[in-house]
Amino acid sequence: MDKTIKDKLAQIIENMPSDWLRLTTHRLDIYNESLAKVEFLQKLEEITNFENQELEKLPTAYDYIRLGHPLSCILEWAIAKASNLNPESVISFSSQSMPILAVLRANKFLGKKTQIVSEKPISELFSSVYQYDFIQTQELEKDFDGTTIVINGSEKADINVTLFDNLGSVILVNDNNIDYIKEIQHVRRRESIAMTPQNCLTAIKGILGEAGRGITKTDTSELTKTIQEITSSNTQVAFSNCGLSAQYAIMMGQVHFANDKHPGKDIKFIVPPNCYGGTNDQARRVAACIDNVEIIDLPVDSGKDMVTELERILTDVAHADAVPFIIGEIPTNPRVEIPDLIKLRETLKKPRFTNDGATAVGAVFNLDQTFCPNVKFFGDHGYLNDVKVISYVSGSKFPSGGLCTAGYAVASDSAAEYMSYVENHLRLCDNEATDLQLQILTREMPSMNERIAKAYANTRGFVDYIQEILPKAKINFVSHELADATFTPSVFSLDLPAQSEEHKRELNHKLIRMMIDAIPEESKHCVSYGQLKGCYWTVPATSTQGTTKESDKDYIVRVSVAADFNLAKHKEVFKRFVKESY
């Protein structure tokens, strides 16, 4: 690598802001999503003096570190410079498998063949379960009619993948093909994560010839016990590098399970069309790749009842003799609604029959429990204790207090047989949690329920105050009755009264600006939940990160409150907002 680039790298690493290693979510008010990574690097290259205060002024690289972050951008930029590529053509992953799957996915839809040059064998499951076509060889066939991927080799190919031991990988698109770059980036966005900040720093120090900080192998027995106590699950715990990686392993594990146990049957994933954007997008991406997998929309908001809709859909799936898997958030996002859990349990337990009168395959409920990880769905008194449920949580929220992206999954006793498949596909995709992520969860999770209780109390106080001084505002939050039943989220959505949709959007941004200007140490314009301190604001509430259809977006404010929160100050600013706006 050129000495000039190394010198710049060394200066950047010496003076970088501490938040580059610490934060998982970044400011939206200095973020242009259409120029993610690009604007950050453009401004970086304009700097002549890499002092801390100059680096702090840089725009947001990505809004959430799962997608990328300052250190992943800088690692990619340095490698691109050394390889004479555009920085956008170099993409880092926490996984060593997912960049390869990203190219295979792109070629599946382009109708192109793929040659993988690798000494390490590629699992046949990528062909039989994931339905990707490829040829593996240990020697490069230069006249190959298709795309060639070389893994850890010196020969330049269409695609080169460099593996970093225990850190992840970096993929290089050597012809700067924008179509491949977009597809690879989308896989990192939805089915995996960028190389973590700490691992990027270690990789950069390796390039500079310095030793990175070693992370000892983490014993997960204490963390496993904590999660089993919180969830009342008796099964093994699967640890992923993020919540969406857990969901991907669950989905692919269930496809694998269904193919093994119910060969020849169609598989139906039943998914709300306006749930969290990543959940929705990923599920449809999986279905697009696999011939016998289909998505069925499950309406859950705007007057639609989850249980009623589920009863109708499961009856239809049974008549078709298909295998049903449900993906659902409880509470729903962003409207914080909770279905009748007694009726949901009855619906999931109900025997169903095919058109021929045979017993149909029972449903499995994949429960995204991110917004209420303290609620017990399993165990003797669990809400769904005797039906097939796999529960998964994004640990970037309350489990870690916003300090890392790791996720985890557990199952009810009757769904325990799926967990070995889930863990197998986490390993296969190399999407397991890193050792540092596991250390953070081990440290933070014992205090999780206490933080949830404090954050709920703050949220309830803020919600009650808003309702008192602006009674026409529509607020989506749990009732006192649901809170008594242990559903105590600390996120609510706020639909401000307005003369028109345009006026409402103006008011949304005015409110957020006032909060940030008045309480900059607490109020942030960014996306998260369960953070250790302050109040996070975002709009639209339905999703972020650019893949939800405009018609499915919900232009209401989503407010996430922490356990450490200045309620009096936030009340004061909201009162001033009402006085100025109404």
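Residues numbered from 1 in each chain as written. Predicted model: local features only at pLDDT ≥ 70, side-chain atom pairs only at ≥ 80, totals over all residues. Heavy atoms only, no water.

*Asks:* I'm lost on the overall build of the chain in this one. Help?
*Replies:* Scanning the chain for helices and strands turns up 20 helices and 18 strands. Relative to the globule expectation of 25 Å for 582 residues, the C-alpha radius of gyration of the chain, 24 Å, shows essentially globular dimensions. Across its three principal axes, the chain shows a C-alpha extent of roughly 65 × 65 × 50 Å. Counting the 582 residues in the chain, one finds 60% classified as buried. Counting only contacts in the chain whose residues sit at least 6 apart along the sequence, the fraction spanning at least 24 positions is 74%. Summing over all exposed atoms, the chain offers an accessible surface of approximately 23500 Å²; the carbon and sulfur share of this is 46%. (Helix = DSSP H or I, 4+ residues; strand = E, 2+ residues; numbered from the N terminus. Rg over C-alpha atoms; globule rule 2.2 N^0.38 Å. Buried < 20%, exposed > 50% of the residue type's maximum accessible area, 1.4 Å probe, protein only. Contact = heavy atoms within 4.5 Å. Areas by Shrake-Rupley, 256 points an atom, 1.4 Å probe, with all protein chains shown as cover.)

*Asks:* Teacher, can you tell me more about the nonpolar core here?
*Replies:* Here is a general trend for soluble globular proteins: nonpolar side chains tend to be buried in one another's company. Grouped together as the largest cluster of nonpolar side chains are 82 residues, with contacts concentrated most on Phe377, Phe492, Leu494 and Phe574. With 7 residues, the single largest contributor to this core is helix H17 (residues 448-469). Non-local contacts of Phe492, meaning those with residues more than four positions away in its chain, are made with Val336, Thr459, Phe462, Val463, Ile466, Ile475, Asn476, Phe477, Val557, Arg558, Val559 and Val561. Counting residues in hydrophobic clusters, the runner-up holds 63 residues, among them Leu104, Ile181, Ala283 and Ile390. (Core = buried A, V, L, I, M, F, W, Y, C linked by side-chain atoms within 4.5 Å.)

*Asks:* Even after reading the chapter, I still don't get the pattern of salt bridges, so can you show me in this structure?
*Replies:* Side chains that differ in sign of charge can pair as their charged atoms come close. Throughout the structure, instances matching the rule amount to 25 salt bridges. Residue Glu76 pairs with Arg188 through a salt bridge whose shortest N-O separation is 2.9 Å. You can see Glu76 sitting in helix H5 (residues 70-83) and its partner Arg188 sitting in helix H8 (residues 178-190), a full 112 residues away along the chain. Under the relative-accessibility criterion, Glu76 is labelled buried at 0%. (Salt bridge = Lys/Arg side-chain N within 4 Å of Asp/Glu carboxyl O.)

Take it as geometry only, folks, not as evidence of what the structure does.
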